[in-house]
Amino acid sequence: FYDFVVIDEAHHGTAASYRPVFEHFKPRILLGLTATPERMDGEDVARDFGNRFAAEVRLPEALEEKLLCPFHYFGIADPVSLDADRFWSGGKYDTAELEKVYTGAHALATQRFRVIHDSLLRYEPDLSLVKGIGFCASVRHARYMAEMFTERGIPSGVLTGETDDETRSTLLQEFRKGSLTFLFTRDVLNEGLDVPEMNTVLFLRPTESLTVFLQQLGRGLRHAPGKDCLTVLDFVGQAHRRYRMDIRLKALLPKTRYSIDREAELDFPHLPAGCSIQLDRLARDYILRNIRENLRHLSVQIPERLQTFENESKQALNFGNFVRYHDYEPELLLAQETWSGWKAKARIAPLPEDPDLGLLKSALVRSAFINGASEIALLRRVIQKLEAHDISGAVREAGESALPLHYRIWAKTGTSLGMTTIHESFERLARNPHILGDIEEILEWASSETRAGGVIPELQSFCTFELHSRYGIADVNAILKGATLESAGQKGVGVLHYRDIKTYALLITYQKTEHEFSPSTMYADFPVSRHLLHWESQSNTRQESETGQNLIHHKERGCRILIFARDVKKRNGVTVPFTFLGPAERVSHESECPVEFVWRLLYPMPVAMFEENRRGG
């Protein structure tokens, strides 16, 4: 039976039409083309596959590969404030309330229209070249906008779900040939419209669904002769506290996580080539305020969203579904509270009273970074035995990985915790059922999210590093037998040397900041290509020193070089682990104190890591 199903945007099935196929084949993963399709009942089809994807090409990647045309995105201050509670209902904006303020003869609607009209003329002064779509809050809103534009000499039409086939065909024909400058719609044109020449999109309402936003934006991103870019005018108002402005902006950035408030402050420096986002002063203030309020008030927002999650999302409440639906960064969520603790604050679960709750809270953050398929599977099997209080079985299941698992969870020596054996470590962990349950849910999410391929390079029989999986310094020490239950091993000084097994682990942070690194450790470490890496030794290393000679002549001396790298040292206040890039061989070296090396990776580094950290990238 098939393990995945492919659905493209031409598929418009109801739940009843495709569910029998799903139940027969029981597909485990979904491959969606263009944007994740929505069912005709308005729900996201991905949830029928547990939100698991076999592969995806995100918008920034498609733009980088020139599959889509660039966009110039202008955020314009909307005079209408939507921060009052009457505008929010059932996890989204109330369409009826939006319609009241967006349409009619009253002063606020008139003022808003004037802002929209004047902004269009400012950014698109030659309307004869414009083919545009305006996405509206309701059918009435679409009609209002079309009438107001037409009155001012901008011929416009209305295309909604109520439009019959003959009228729809006529409207689209007039739009294609230029008789109509704009079509105003309420979500009808999210999919299925093929007018590559379309070059302007107006977002005239806040869109809660990221899928809908990307579909609407995507209508204008097709290449066409003479089309240099898509102009996007987004009218940004004072949002309700539960509306997430950051989600749509993050979707325009590469997969690598950036501080979205910092991006807004710096005019989005990490956009794909040819693209730009410009926010006017008020729009930037609105967006930054919304983003910071969301981050600042997690203690209020998360319990609220937990309480309404199942009703709002139509998904079962678990860690993976929650962070995916609300686009939370897991470490940000878990650094403040345990998953069980958040549910207790929402009064939907009992208050966790595990004896080591405070000590093991950080274990949840570390678990959220685990992405090795083999390690995830092993840790889940061990946890299942611990939950059944089969301590001996858990120790046997862990096998050679027992000590690395101890450091993954506890991050401290057994001695400092009053433990003398791994059995005691696992037994004590088993007394913390809420922590175990939380880790299990986090690992289930991690298993569905990982992009690591599960490759284990042939190093030594006990060395179980998975290629492109993430490890902290304590994990590296434990796996390379440089740690014991009594000692955590070497500290992170950039180079770890394991004499007994003739192995060097090089720990690389590409993007260094002065407040995290001293002047003597601001080394020039960067990828030259996906296979070549420029790296500088410690500042006191000379070529003739033992370390220098071992690195230079590592092949002749039988020394193994393992590379571990990360983009940044900290993100969201949490220390980021290193990604294992595999073994490497020396290509060249020069200079002294530090010695500059170029290493050849035996396996190519991830594309995203290369693109983000290469010189000139």
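As shown above, the structure is provided for reference.
Cut-offs used in this document
- Residues numbered from 1 in each chain as written.
- Predicted model: local features only at pLDDT ≥ 70, side-chain atom pairs only at ≥ 80, totals over all residues.
- Heavy atoms only, no water.
- Helix = DSSP H or I, 4+ residues; strand = E, 2+ residues; numbered from the N terminus.
- Buried < 20%, exposed > 50% of the residue type's maximum accessible area, 1.4 Å probe, protein only.
- Contact = heavy atoms within 4.5 Å.
- Pairing = 2+ DSSP bridges.
- Axes fitted to C-alpha atoms, helices over the stretch in contact; angles between N-to-C directions.
- Disulfide = S-S within 2.5 Å.
- Phe/Tyr/Trp six-rings, centres within 6.5 Å; stacked < 30°, edge-to-face > 60°.
- Lys NZ or Arg CZ within 6 Å of the ring centre and 35° of its normal.

Caption draft 1: Structural context of the overall build of the protein. Assigned secondary structure in the protein consists of 24 helices and 21 strands. By residue count, 53% of the 617 residues in the protein fall in the buried class. Here the analysis covers contacts within the protein between residues at least 6 apart in sequence; of these, 68% occur between residues at least 24 apart.

Caption draft 2: Molecular detail of unusual backbone geometry. Cis geometry marks the peptide bond from Cys593 to Pro594; its omega dihedral reads 10°. Tracing the backbone shows Pro594 in the loop between strand E20 (578-590) and strand E21 (596-601). Backbone geometry at Asp327 places phi at a positive 55°, although glycine is not the residue there. Note that Asp327 resides in the loop between helix H12 (319-326) and helix H13 (330-336). For Asp327, a relative accessible area of 28% puts it in the partly exposed group.

Caption draft 3: Focus on the sheet that holds strand E3 (residues 71-77). One open sheet accounts for seven strands, arranged E7-E8-E6-E9-E10-E3-E11; its pairing is parallel. Single-partner strands in this sheet number two, and they are strand E7 (156-159) and strand E11 (276-279). In this sheet, neighbouring strand axes are inclined to one another by 20° on average, regardless of whether the strands run parallel or antiparallel. Here E3 runs beside strand E10 (residues 230-236); their pairing, made up of seven bridges, is parallel. Counterpart to Phe74 in the pairing with E10 is Leu233. Where helix H5 (residues 139-151) meets the sheet, its contacts fall on E7, strand E8 (182-185) and strand E9 (200-203), and the angle it forms with E7 comes to roughly 170°. Where helix H7 (residues 210-218) meets the sheet, it contacts E3, strand E6 (132-135), E9 and E10, and its direction lies at approximately 150° from that of E9.

Caption draft 4: Quick look at the state of the cysteines. Per the counting criterion, the structure on display carries zero disulfides. Looking at the unpaired Cys69, the closest cysteine sulfur is the one in Cys229, lying at 6.9 Å. With relative accessibility at 0%, the residue Cys69 sits in the buried group.

Caption draft 5: How the structure looks around the side chain of Thr541. Looking at the secondary structure, you find Thr541 in the loop between strand E16 (532-536) and helix H22 (546-552). Residue contacts for Thr541: discarding those within four places in its chain leaves Thr547, Gly548, Glu592, Cys593, Pro594 and Val595.

Caption draft 6: The packing of aromatic side chains, seen in detail. Evaluation of the coordinates by the stated rule reveals 23 aromatic pairs. Relative to Trp339, the ring of Phe322 lies with its centre 5.6 Å away and its plane at 45°, an arrangement referred to as tilted. Of this pair, Phe322 sits in helix H12 while Trp339 is found in helix H14 (residues 339-345), placing the two residues 17 residues apart along the sequence. Accessibility assignment for this pair places Phe322 and Trp339 in one class, buried. An angle of 85° between the planes, with centres 5.1 Å apart, marks the rings of Phe465 and Tyr471 as edge-to-face. Neither residue differs from the other here; Phe465 and Tyr471 are each classed as buried. One aromatic cluster in this structure is built from Phe309, Phe319, Phe322, Tyr325, Tyr328, Trp339 and Trp445. Taking NZ or CZ as reference, Arg244 lies 4.9 Å from the ring centre of Tyr328, over its face.

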